[in-house]
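# Structure at a glance
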Amino acid sequence: QVQLVESGGGLVQAGGSLRLSCVASEGTFSNYAMGWFRQAPGKEREFVAAISWTGSSTNHAGSVKGRFTISRDNAKNTVYLQMNSLKPEDTAVYYCAARPKHFIAIMASEYSYWGPGTQVTVSS
């Protein structure tokens, strides 16, 4: 079973950048596709980005494409989300998720393990 812990959230002004990290413990990290999701108050959890087990394939939601980049370092059991040109509408709790398959998915129901989340707040 994989345990996930996110870090790197915080308060940033619009136009700024943050890099989220998610460290996995237990399990074999390289066997999992990984994803980032977010949930704003009063809204459903939404897909942000996903990456395959080797990192060769990625998918980013249209709302973040060109601004956010997902990556992973299997040697460090870590997946990252680089967030640039942040907007107030990016404010949410960001969750890291692991899928015990090699290939990416965009539905939250496809992911078996979740971290507790990290808050990102973008001020205007």
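Data block above holds the structure.
Reading the values: the criteria
All chains use their own residue numbering, which begins from 1 and follows the written sequence. Reporting in this predicted model follows two pLDDT cut-offs: at least 70 for local features of residues, and 80 or more for side-chain atom pairs to be given and counted; totals over whole chains, interfaces and linings ignore these cut-offs and use all residues. As a convention, hydrogens and water are excluded, and side-chain values are obtained from all of the structure's heavy atoms. Any two cysteine sulfur atoms lying within 2.5 Å of each other are counted as a disulfide. Helix and strand assignments come from DSSP, with helices taken as H or I runs of at least 4 residues and strands as E runs of at least 2, each series counted from the N terminus. Remark: exposure states derive from per-residue accessible area (1.4 Å probe, protein chains only) relative to the maximum for the residue type, with buried under 20%, exposed over 50%, and partly exposed in between. Whether two residues touch is decided by their heavy atoms; if any such pair falls within 4.5 Å, the residues are in contact. The term polar contact refers here to a pair of N or O atoms within 3.5 Å; inside protein, the definition further demands a hydrogen-donor-capable atom paired with an acceptor-capable atom, and it admits residues adjacent in sequence only when both atoms are side-chain atoms. The rule is short: rings of Phe, Tyr and Trp, with Trp giving its six-membered ring, pair when the centres are within 6.5 Å, and they are stacked under 30 degrees, edge-to-face over 60, tilted in between. Side-chain atoms within 4.5 Å link the members of a nonpolar core, which is a set of buried Ala, Val, Leu, Ile, Met, Phe, Trp, Tyr and Cys residues. At least two DSSP bridges between two strands are required for those strands to pair. What makes a salt bridge here is a side-chain nitrogen of Lys or Arg within 4 Å of a carboxyl oxygen of Asp or Glu, nothing more.

### Let's talk about the state of the cysteines
What we call a disulfide is simply a covalent bond connecting the sulfur atoms of a pair of cysteines. According to the stated counting rule, one finds one disulfide in the structure shown. There is a disulfide in this structure between cysteine 22 and cysteine 96, and the S-S distance comes to 2.1 Å. Residues cysteine 22 and cysteine 96 are joined by a disulfide whose S-S torsion is about -75°; by sign, that bridge is left-handed. Within this pair, whereas cysteine 22 is found in strand β3 (residues 18-25), its partner cysteine 96 is found in strand β9 (residues 92-99), the two being separated by 74 residues in sequence.

### So, the environment of arginine 72
On the secondary structure map, arginine 72 appears in strand β7 (residues 68-73). On the accessibility criterion, arginine 72 (13% relative accessible area) is buried. For the pair arginine 72 and threonine 54, spaced 18 residues apart in sequence, the C-alpha separation works out to 8.2 Å. Arginine 72 has contacts with Phe29, Ser30, Tyr32, Ala33, Met34, Ile51, Ser52, Trp53, Thr54, Gly55, Thr78 and Val79, leaving out every residue within four places of it along the chain. Among the polar contacts listed, one links the side chain of arginine 72 to the backbone oxygen of phenylalanine 29, at a separation of 3.0 Å.

### Details of the packing of aromatic side chains
Tallied over the full model, the rule gives six aromatic pairs. With a centroid separation of 5.3 Å and an interplanar angle of 75°, the aromatic rings of phenylalanine 37 and tyrosine 111 are classed as edge-to-face. Here tyrosine 111 lies in the loop between β9 and β10 (113-114) and phenylalanine 37 lies in strand β4 (residues 33-39), a separation of 74 residues in the sequence. Taken individually, phenylalanine 37 and tyrosine 111 each receive the classification buried, so the pair is uniform in this respect. Ring geometry for tyrosine 95 and tryptophan 114: centres 6.5 Å apart, planes at 75°, overall edge-to-face. Highlighted residues: tyrosine 95 in strand β9 and tryptophan 114 in strand β10, separated in sequence by 19 residues. Looking at tyrosine 95, the relative accessible area reads 14%, which means it is buried. One aromatic cluster is present, formed by Phe37, Phe47, Tyr95, Tyr111 and Trp114 through successive ring pairs.

### Examining the nonpolar core
Residues Met34, Trp36, Val79, Leu81, Met83 and Tyr94 are the most contacted members of the largest nonpolar core, which totals 35 residues. Mapped by element, the contributors of at least two residues to this core are β3, β4, β5 (46-51), β7, β8 (78-83), β9 and β11 (118-123).

### Here's the deal with the pairing of β9
Where burial is concerned, most of β9 is hidden: seven out of the eight residues are buried. The pairing of β4 with β9 spans seven bridges and is classified as antiparallel. Looking at the pairing, methionine 34 lines up with alanine 98 of β9. The pairing of β9 with β11 spans three bridges and is antiparallel. In the sheet register, alanine 92 faces β11, and the bridge partner there is valine 120.

### Quick notes on the pattern of salt bridges
For the structure on display, the rule yields four salt bridges. For arginine 38, the salt bridge identified is with aspartate 90, shortest N-O distance 2.9 Å. Within this pair, whereas arginine 38 is found in strand β4, its partner aspartate 90 is found in the loop between β8 and β9, the two being separated by 52 residues in sequence. With respect to class, arginine 38 is no different from aspartate 90; both count as buried. With its nearest N and O atoms 3.4 Å apart, the salt bridge here joins arginine 99 to glutamate 110. Of this pair, arginine 99 sits in strand β9 while glutamate 110 sits in the loop between β9 and β10, placing them eleven residues apart in sequence. Exposure remark for glutamate 110: the relative accessible area of 37% places this residue in the partly exposed category. Linked through salt bridges whose partners overlap, the residues forming this network are Arg38, Glu46, Arg67 and Asp90.

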